[in-house]
Amino acid sequence: MRLALYALLALGGIASCAALLAWFAERSLLREADARSTADLAQVAPVEVALVLGTAPIGPEGGPNRYLVYRLDAAAALWHAGKVRFLLVSGNREGSYDEPTAMRVGLIARGVPAAAIYRDFAGYRTRDSILRARDVFGLGEFIVVSQRFHVGRALFIARHEGIGASGFDARDVVRPHSMLTELRRYPSALIAYLEVLSRRRPHETGRKVSIGVDPPD
């Protein structure tokens, strides 16, 4: 009985330490965003390409995912303002589930021509999207488009990989329908640190694509 109690206390202590580390990691990544990201379109320095990070097209409540809706709004605003010439939409595709195609459809509906939209189907995680933007699509610099908590994570990865990235903050979801979605940002921040330390490579590489030269697929 006493051994079981000690085991529970030990597990509780480990869980508490992990939660605290995740909280500190998330706070640190927000400071990363504070230094190199903005929600003010007028302050964005023009570059050739913006990398739009994907998420599920359908939200937990069953309708359009507001995180993605706001990211597409921000990306379209960048393009219409002449801040970027091309948009690289990066996400996951598996069977009928297809984040990049849903993102392209949404951007076209916002007035962005299909010829300006490139799709990355192997952006399984934020780190994959960042590294593939460099290694597959040949980008040495780009603007990351997502919510601020996500932008911070992406910029942290980019900085440690020697990539010149800045951020444009999409509107955040003030009252999310899913608490799990909100809580995920904390372990994700800690994982970003661990992946940088381990220098994890992308899950996939694939043929190289030159944005603005090769046609979008």
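Look above for the structure.
Report follows, based on the coordinates. Per chain, the residues get numbers from 1 upward, laid out in the order the sequence is written. Local features in this predicted model are restricted to residues whose pLDDT is 70 or higher, and side-chain atom pairs enter the listing and the counts only when it is 80 or higher, whereas totals over whole chains, interfaces and linings include all residues. With hydrogens and water set aside, each side-chain value is computed from the structure's full complement of heavy atoms.

**Thoughts on the pairing of strand 3 (residues 86-90)**
Across a regular strand the side chains alternate sides, sitting on one face of the sheet and then on the other. For clarity, the threshold we go by: Note on exposure labels: buried denotes an accessible area under 20% of the residue type's maximum, exposed denotes more than 50%, and partly exposed covers the range between, all computed with a 1.4 Å probe on protein chains only. Secondary structure follows DSSP: runs of H or I at least 4 residues long count as helices, runs of E at least 2 residues long count as strands, and numbering of each begins at the N terminus. Here, a strand pair is defined by DSSP locating no fewer than two bridges between the strands. Whether a crossover is right-handed depends on one test, that the path from the first strand over the helix to the second runs clockwise when the strands point away from the viewer.
Within strand 3, 5 of the 5 residues are buried, leaving the element largely enclosed by the surrounding structure. Covered by surrounding structure in strand 3 are Phe86, Leu88 and Ser90 together with Leu87 and Val89, the residues of both alternating faces. Strand direction decides the pairing type here: strand 2 (residues 49-53) and strand 3, joined by 5 bridges, are parallel. Looking at the pairing, Leu53 lines up with Ser90 of strand 3. Crossover handedness for the path strand 2 to helix 2 (residues 66-80) to strand 3: right-handed. Examined bridge by bridge, strand 3 and strand 6 (residues 117-120) share 4 bridges and lie parallel to one another. In the sheet register, Leu88 faces strand 6, and the bridge partner there is Tyr118.

**A look at the packing of helix 2 against helix 3 (residues 99-109)**
The test is simple: Where helices are involved, their axes are fitted lines through C-alpha atoms of the stretch in contact, as for all axes, and angles between N-to-C directions lie from 0 to 180°. The scheme is simple: roughly parallel for angles under 35 degrees, roughly antiparallel for over 145, roughly perpendicular for 65 to 115, oblique for anything else. Crossings are classed by handedness, with left-handed meaning an anticlockwise turn of the near helix from the far one by less than a right angle and right-handed meaning a clockwise turn. Contacts are residue-level and defined by heavy atoms, with any inter-residue pair within 4.5 Å sufficient. Gly is placed with the polar residues, together with every amino acid not listed as nonpolar (Ala, Val, Leu, Ile, Met, Phe, Trp, Tyr, Cys and Pro) or charged (Asp, Glu, Lys and Arg).
Put simply, helix 2 and helix 3 touch, their axes get as near as 10 Å, and they point 55° apart. As summarised for this structure, helix 2 and helix 3 are arranged oblique, according to the angle between their axes. For helix 2 against helix 3, the interelement crossing comes out right-handed. Mapping the contact onto sequence places Leu68, Leu72, Ala75 and Ala76 in helix 2 and Met103, Gly106 and Leu107 in helix 3. Looking at side-chain class alone, the contact of helix 2 with helix 3 contains 6 nonpolar, 1 polar and no charged residues.

**Here's the deal with the sheet that holds strand 8 (residues 164-170)**
Taken in spatial order, the 6 strands of this open sheet run 1-8-7-2-3-6, and their pairing is parallel. The open sheet is flanked by strand 1 (37-38) and strand 6, the only strands paired with a single partner. Bridging between strand 7 (residues 141-147) and strand 8 involves 7 bridges; their strand directions are parallel. Counted as the bridge partner of Glu141 is Gly164 from strand 8.

**Some details on helix 5 (residues 148-160)**
The test is simple: Multiplying 1.5 Å by the helix residue count minus one yields the expected span of that helix.
Between its first and last C-alpha, helix 5 extends 18 Å over 13 residues, near the 18 Å set by a 1.5 Å rise per residue. Most of helix 5 is tucked away: 10 of the 13 residues are buried. Residues of helix 5 that are buried include every one of Phe149, His150, Val151, Gly152, Arg153, Ala154, Leu155, Phe156, Ile157 and Ala158, and no others. Where helix 5 ends, the next residue or the one after it, Gly162, has phi of about 75°, a positive value.

**What to know about the nonpolar core**
Basically, it comes down to this: Residue types Ala, Val, Leu, Ile, Met, Phe, Trp, Tyr and Cys, when buried and joined through side-chain atoms within 4.5 Å, form a set referred to as a nonpolar core.
Ranked by size, the top nonpolar core spans 49 residues in total, and within it Leu88, Leu107, Ile130, Phe142, Ile143, Val144 and Val145 carry the most contacts. Setting aside anything within four residues of it in sequence, one finds Ile143 in contact with Val44, Ala45, Val47, Val49, Ala50, Leu51, Leu78, Val84, Ser166, Gly167 and Phe168.

**Looking at the pairing of strand 2**
In terms of residue burial, strand 2 counts as a mostly covered element, since 5 of its 5 residues are buried. Burial of strand 2 is two-sided: the residues Val49, Leu51 and Leu53 facing one way and the residues Ala50 and Val52 facing the other way are all buried.

**As for the pattern of salt bridges**
Stated formally: We define a salt bridge as a side-chain nitrogen of Lys or Arg found within 4 Å of a carboxyl oxygen belonging to Asp or Glu.
Within this structure, the stated rule accounts for 8 salt bridges. Close ionic contact of Arg127 with Glu161 constitutes a salt bridge, the shortest N to O distance being 2.7 Å. Here Glu161 lies in the loop between helix 5 and strand 8 and Arg127 lies in helix 4 (residues 126-135), a separation of 34 residues in the sequence. Here the two residues Arg127 and Glu161 agree in accessibility, since each one is buried. Arg134 is the salt-bridge partner of Asp135, the closest N and O atoms lying 2.7 Å from each other. Several salt bridges share partner residues, and in doing so they unite Arg127, Arg134, Asp135 and Glu161 into one network.

Geometric values such as these leave the question of function open.
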